[in-house]
Amino acid sequence: MYARAIITLAAAVMLTACYESADVTVHKPGVYKGAKDPLLAKQRMPEQQQALRERFALVQPDR
Amino acid sequence: MARMKFLCDAERCIECNACVTACKNEHEVPWGVNRRRVVVLEDGVPGEKSISVACMHCTDAPCAAVCPVDCFYTTDDGIVLHDKDLCIGCGYCFYACPFGAPQYPQQSAFGVRGKMDKCTFCAGGPEADNSDDEYAKYGRNRIAEGKLPLCAEMCSTKALLAGDGDLVADIYRQRVIRRGGRPKTWGWETAYQS
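Keep in mind that this is a model prediction, so the values were computed, not measured.

Cut-offs used in this document
Residues numbered from 1 in each chain as written. Chains lettered and ligands numbered in written order. Predicted model: local features only at pLDDT ≥ 70, side-chain atom pairs only at ≥ 80, totals over all residues. Heavy atoms only, no water. Helix = DSSP H or I, 4+ residues; strand = E, 2+ residues; numbered from the N terminus. Expected span 1.5 Å × (residues − 1). Buried < 20%, exposed > 50% of the residue type's maximum accessible area, 1.4 Å probe, protein only. Contact = heavy atoms within 4.5 Å. Buried area = accessible area lost by both parts, 1.4 Å probe. Salt bridge = Lys/Arg side-chain N within 4 Å of Asp/Glu carboxyl O. Polar contact = N/O pair within 3.5 Å; in protein donor to acceptor, adjacent residues only side chain to side chain. Core = buried A, V, L, I, M, F, W, Y, C linked by side-chain atoms within 4.5 Å.

*Asks:* How should helix H1 (residues 2-16) of chain A be read in this particular structure?
*Replies:* Spacing of three or four residues puts side chains on the same side of an α-helix, whose turn is 3.6 residues. Over its 15 residues, H1 of chain A extends 22 Å from the first C-alpha to the last, a length consistent with the 21 Å expected when each residue adds 1.5 Å. Judged by how many residues are buried, H1 of chain A sits mostly at the surface: zero of 15 residues are covered.

Here you go:
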């Protein structure tokens, strides 16, 4: 009886090693530490967005 | 705000490698570094398909997630760029990237790779737009000039598309409808033989 309890306990302890967390490890990027890109401000300007749209219409249409 | 994306139509790509050449020429990319490559599937077999691959400017970029010095940033329209002054050439981004986009200019003893180089969507880097510094480190900044990536602009068959993801998707959707279905080059049925 005593041996059975020991075996059960040992099996339970060993089975805990089989546990695998189902949580996904998510790596989030850190905060950018480099110099500021002047392009970022330019891209927010509607004229720049319009220019890129017009360029797309000019050079990417289907043939 | 547009979300800039590349798309390569495998039904149209003829493996001319003009996109690769145009990229190298426009940005004076150093010897041994290819920001863009053409990959051929089933090479030599009838029905082979080619796709032009570079940095895909991922929405959730794994390169940025693993960078130990946080040298990556994403512009408002989704272009993933990096600062070469911060880069330590550790190579983590190379291992993290599923497209093999990060490239290193040096191959010397003790794993010295030099600063990482990759496709910038022709948007340069953090230096002043189209300054000598920016050109030397990242190549030309065509986006600041109101132009799109040269590889896509000069693609003769218009296999490679670059620009606002919504507009690119519209063009591709129309092509698929005209063809009567999407290509079976890849996908679940190809991967699992079902």
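*Asks:* Is there a simple way to think about the interface of chain B and chain A in this case?
*Replies:* In many analyses, interface size is given as the accessible surface area lost on bringing the parts together. Between chain B and chain A, the residue contacts involve 47 residues of the former and 28 residues of the latter. Counting the surface lost from both chain B and chain A, the interface buries some 2900 Å², and carbon and sulfur atoms represent 54% of this. Across the chain B-chain A interface, the total number found is three salt bridges. Linking Glu 153 of chain B and Arg 55 of chain A is a salt bridge whose minimum nitrogen-to-oxygen distance equals 2.7 Å. Remark: the boundary between chain B and chain A carries twelve residue pairs in polar contact (both at pLDDT 80 or more). Elements supplying a minimum of two residues to the side of chain B that touches chain A: helix H2 (62-66), strand S4 (72-74), helix H5 (150-153), strand S6 (160-164) and helix H6 (165-179) of chain B.

*Asks:* It is not clear to me how the environment of Cys 8 of chain B should be interpreted in this structure. Could you clarify?
*Replies:* All names here are of chain B. Here Cys 8 is to be found in strand S1 (residues 4-8). Judged by relative accessible area, Cys 8 falls into the buried class, the value being 17%. The spacing of Cys 8 and Lys 158 is 150 residues in sequence and 8.6 Å in space, taken between C-alpha atoms. With near-sequence residues (within four places) excluded, Cys 8 lies in contact with Cys 13, Ser 50, Ile 51, Ser 52, Ala 159 and Leu 160.

*Asks:* Would you explain the nonpolar core in this entry?
*Replies:* Generally speaking, soluble globular proteins have nonpolar side chains that are buried together. In terms of nonpolar packing, the biggest core is built from 37 residues, with Phe 6, Ile 79, Phe 121, Ile 143 and Leu 160 of chain B touching the most fellow members. Elements supplying a minimum of two residues to this core: helix H2 (38-43) and helix H3 (46-59) of chain A together with S1, helix H1 (18-27), strand S3 (49-53), H5, S6 and H6 of chain B. Filtering out sequence-adjacent residues up to four positions away, Ile 79 of chain B remains in contact with Gln 43 of chain A together with Met 4, His 57, Tyr 73, Thr 74, Thr 120, Phe 121, Ala 123 and Ile 143 of chain B. Membership of the second largest hydrophobic core comes to eleven residues, among which are Cys 63, Val 80, Cys 93 and Tyr 104 of chain B.

*Asks:* Whenever I open this one, the pattern of salt bridges confuses me. Can you help?
*Replies:* Two side chains of opposite charge can pair, provided their charged atoms sit close to one another. Enumeration over the complete set of coordinates arrives at 15 salt bridges over all chains. Across the salt bridge formed by Arg 175 of chain B and Asp 9 of chain B, the nearest N and O atoms sit 2.9 Å from each other. Of this pair, Arg 175 of chain B sits in helix H6 while Asp 9 of chain B sits in the loop between S1 and H1, and the two are 166 residues apart along the sequence. In this structure, Arg 175 of chain B and Asp 9 of chain B share a single accessibility class: buried. The salt bridge involving Lys 137 of chain B is made with Asp 85 of chain B; its shortest N-O contact spans 2.9 Å. Taken together, the residues span a long stretch of sequence, with Lys 137 of chain B in helix H4 (residues 132-138) and Asp 85 of chain B in the loop between strand S5 (80-82) and helix H3 (92-96) at a distance of 52 residues. Each of Arg 55 of chain A together with Glu 26, Arg 140, Arg 142 and Glu 153 of chain B takes part in one network of salt bridges that share partners.

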